[in-house]
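Listed below are the residues making up each chain.
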Amino acid sequence: KQEVTQIPAALSVPEGENLVLNCSFTDSAIYNLQWFRQDPGKGLTSLLLIQSSQREQTSGRLNASLDKSSGRSTLYIAASQPGDSATYLCAVFSGGYNKLIFGAGTRLAVHP
Amino acid sequence: DAEITQSPRHKITETGRQVTLACHQTWNHNNMFWYRQDLGHGLRLIHYSYGVQDTNKGEVSDGYSVSRSNTEDLPLTLESAASSQTSVYFCASSESGGINEQFFGPGTRLTVL
């Protein structure tokens, strides 16, 4: 059974820092991987989708990498800002066509 | 702009009542999904549909049902609400023809007393 783990569970950093959020999955037979952001009391906002054949994907200050063989993905946030404060969720497409399996998330706080 | 809407955004009901949560998307996506989010469990798939008249069970489907009569809507019905179904429910959709990005609605917070 596919399991997705995100480390750390919570992170507090000063504004301007570059930071890395980690995601690991137990079964490397995944299709694609998607990173989301969730603000308190809100829905999920898609940040990046990495195709299984890709090793990384970039959007603005965000860069996500994927290493299927080791079962890992990282989300790199450059020059963090207070507006980046949210919970970041990693999800893998696994166990069936278009089915997402989610990690528990990393709660990020960026303070001025 | 295309979007997914969910209604109601908040609902309180009593044990044993039937409840229906609405999900409407204007992306014209064939794939639609229902998830629930609980502390300690994260997001889990309840039901999903790959097109009109198609429905499938997800990881936690007991006590829930869906029907797909058109492309835009996938209502989720709790046949007889239980306190264990108190949760936040999210609807999502994606394009067909591959493993595509999923887009989520704002969620419905359901409390079963």
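None of the values given here were measured: they were computed from a predicted structure.

Trainee: Looking at this structure, how should I read the overall build of chain A?
Mentor: When helices and strands are tallied, chain A shows zero helices and eleven strands. The N-to-C order of helical and strand elements in chain A reads β-β-β-β-β-β-β-β-β-β-β. Radius of gyration (C-alpha) of chain A: 13 Å, near the 13 Å computed for a compact globule of 112 residues. Counting only C-alpha atoms, chain A reaches 40 × 30 × 20 Å along its principal axes. Residues counted as buried form 45% of the 112 residues belonging to chain A. Considering only residue pairs separated by 6 or more positions, chain A has 55% of its internal contacts joining residues 24 or more positions apart. For chain A, the exposed surface amounts to about 5200 Å²; the carbon and sulfur share of it is 49%. Across chain A, the centroid of the 9 positively charged side chains sits 7 Å from that of the 8 negatively charged ones.

Trainee: Any chance you could explain the layout of surface pockets here in plain terms?
Mentor: Taking a probe equal in size to a water molecule and rolling it over the atoms shows the remaining empty space. Empty space within the largest pocket amounts to approximately 1100 Å³. Forming the boundary of the largest pocket are 43 residues, of which Gln37(B), Asp38(B), Leu39(B), Gly42(B) and Leu43(B) lie nearest the centre. Taken together, the elements giving at least two residues each to the lining of the largest pocket come down to strand S9 (86-93), strand S10 (100-102) and strand S11 (106-111) of chain A together with strand S4 (31-38), strand S5 (42-51), strand S9 (87-94) and strand S11 (108-112) of chain B. Residues of the lining of the largest pocket, tallied by class, amount to 16 nonpolar, 17 polar and ten charged.

Trainee: Just to check I follow, could you spell out the pattern of salt bridges for this structure?
Mentor: Pairing between side chains of opposite charge can happen when their charged atoms approach one another. Residues and elements named next belong to chain B. Within the structure shown, the criterion is met by five salt bridges over all chains. Residues Arg 17 and Glu 14 are paired through a salt bridge, measuring 3.5 Å at the closest nitrogen-oxygen approach. Classification of Glu 14 as partly exposed rests on a relative accessible area of 46%. Residues joined in a network through salt bridges with shared partners are Arg 36, Asp 38 and Arg 44.

Trainee: When you look at the interface of chain A and chain B in this model, what are you seeing that I'm missing?
Mentor: Much of the literature gives interface size as the accessible area that the parts lose upon coming together. On the side of chain B, 21 residues touch chain A, which itself brings 20 residues to the contact. Between chain A and chain B, roughly 1700 Å² of surface is buried when both sides are summed, and carbon and sulfur atoms account for 55% of that area. Linking chain A with chain B are zero salt bridges, by the criterion used here. Put simply, chain A and chain B have four residue pairs in polar contact (both at pLDDT 80 or more) between them. Where the side of chain A that touches chain B is concerned, the elements lending two or more residues are strand S4 (33-38), strand S5 (44-50), S9 and S10 of chain A.

Trainee: Looking at this structure, how should I read the sheet that holds strand S3 (residues 19-25) of chain A?
Mentor: Two strands in a sheet stick together by hydrogen bonds in their backbones, pointing the same way (parallel) or opposite ways (antiparallel). Residue and element names in this part refer to chain A. Ordered in space as S1-S3-S8-S7-S6, the five strands form an open sheet in which the pairing is antiparallel. This sheet does not close on itself; its edge strands, each paired only once, are strand S1 (4-7) and strand S6 (56-59). When strand polarity is set aside, the average angle formed by the axes of neighbouring strands in this sheet is 15°. Bridge count for S3 against strand S8 (residues 72-77) is six bridges, and the pairing is antiparallel. Note that in S8 the partner of Val 20 across the bridge is Tyr 76.

Trainee: Hey, could you run me through unusual backbone geometry in this one?
Mentor: The phi angle of most residues is negative, glycine excepted, and most peptide bonds adopt the trans form. The step from Ile7(A) to Pro8(A) runs through a cis peptide bond, and the omega angle for that step is 0°. Put simply, Ser7(B) and Pro8(B) share a cis peptide bond, and its omega is -5°. Within the secondary structure, Pro8(B) sits in the loop between strand S1 (4-7) and strand S2 (10-13). For Ala79(A), which is not glycine, the phi torsion reads 45° and is therefore positive. Positionally, Ala79(A) belongs in the loop between S8 and S9. For Asn28(B), which is not a glycine, the phi torsion comes out positive at approximately 65°.

Trainee: What's the story with the state of the cysteines in this structure? I'm lost.
Mentor: Here a disulfide denotes one covalent bond, and it connects the sulfur atoms of two cysteines. Inspection of the entire model under this criterion finds two disulfides over all chains. Across a sulfur-sulfur distance of 2.0 Å, Cys23(A) and Cys90(A) are joined as a disulfide pair. An S-S torsion of about -60° defines the bridge between Cys23(A) and Cys90(A) as left-handed. Of this pair, Cys23(A) sits in strand S3 while Cys90(A) sits in strand S9, and the two are 67 residues apart along the sequence. The same class applies to Cys23(A) and to Cys90(A), which are both buried. Each sulfur of the disulfide joining Cys23(B) and Cys91(B) lies 1.8 Å from the other. Disulfide Cys23(B)-Cys91(B): torsion about the S-S bond near -70°, hence left-handed. Placement of the pair is Cys23(B) in strand S3 (residues 19-25) and Cys91(B) in strand S9, with a sequence separation of 68 residues.

Thresholds, definitions, all that
Residues numbered from 1 in each chain as written. Chains lettered and ligands numbered in written order. Predicted model: local features only at pLDDT ≥ 70, side-chain atom pairs only at ≥ 80, totals over all residues. Heavy atoms only, no water. Helix = DSSP H or I, 4+ residues; strand = E, 2+ residues; numbered from the N terminus. Rg over C-alpha atoms; globule rule 2.2 N^0.38 Å. Buried < 20%, exposed > 50% of the residue type's maximum accessible area, 1.4 Å probe, protein only. Contact = heavy atoms within 4.5 Å. Areas by Shrake-Rupley, 256 points an atom, 1.4 Å probe, with all protein chains shown as cover. Lys, Arg positive; Asp, Glu negative; His and termini not counted. Charge placed at Lys NZ, Arg CZ, Asp CG, Glu CD. 1 Å grid on protein atoms, 1.4 Å probe; cavity = no way out; pocket = protein on both sides within 12 Å on 5 of 7 lines; lining within 4 Å. Points joined across faces, edges and corners; volume = space filled by probe spheres on them. Nonpolar A, V, L, I, M, F, W, Y, C, P; charged D, E, K, R; others polar. Salt bridge = Lys/Arg side-chain N within 4 Å of Asp/Glu carboxyl O. Buried area = accessible area lost by both parts, 1.4 Å probe. Polar contact = N/O pair within 3.5 Å; in protein donor to acceptor, adjacent residues only side chain to side chain. Pairing = 2+ DSSP bridges. Axes fitted to C-alpha atoms, helices over the stretch in contact; angles between N-to-C directions. Disulfide = S-S within 2.5 Å.

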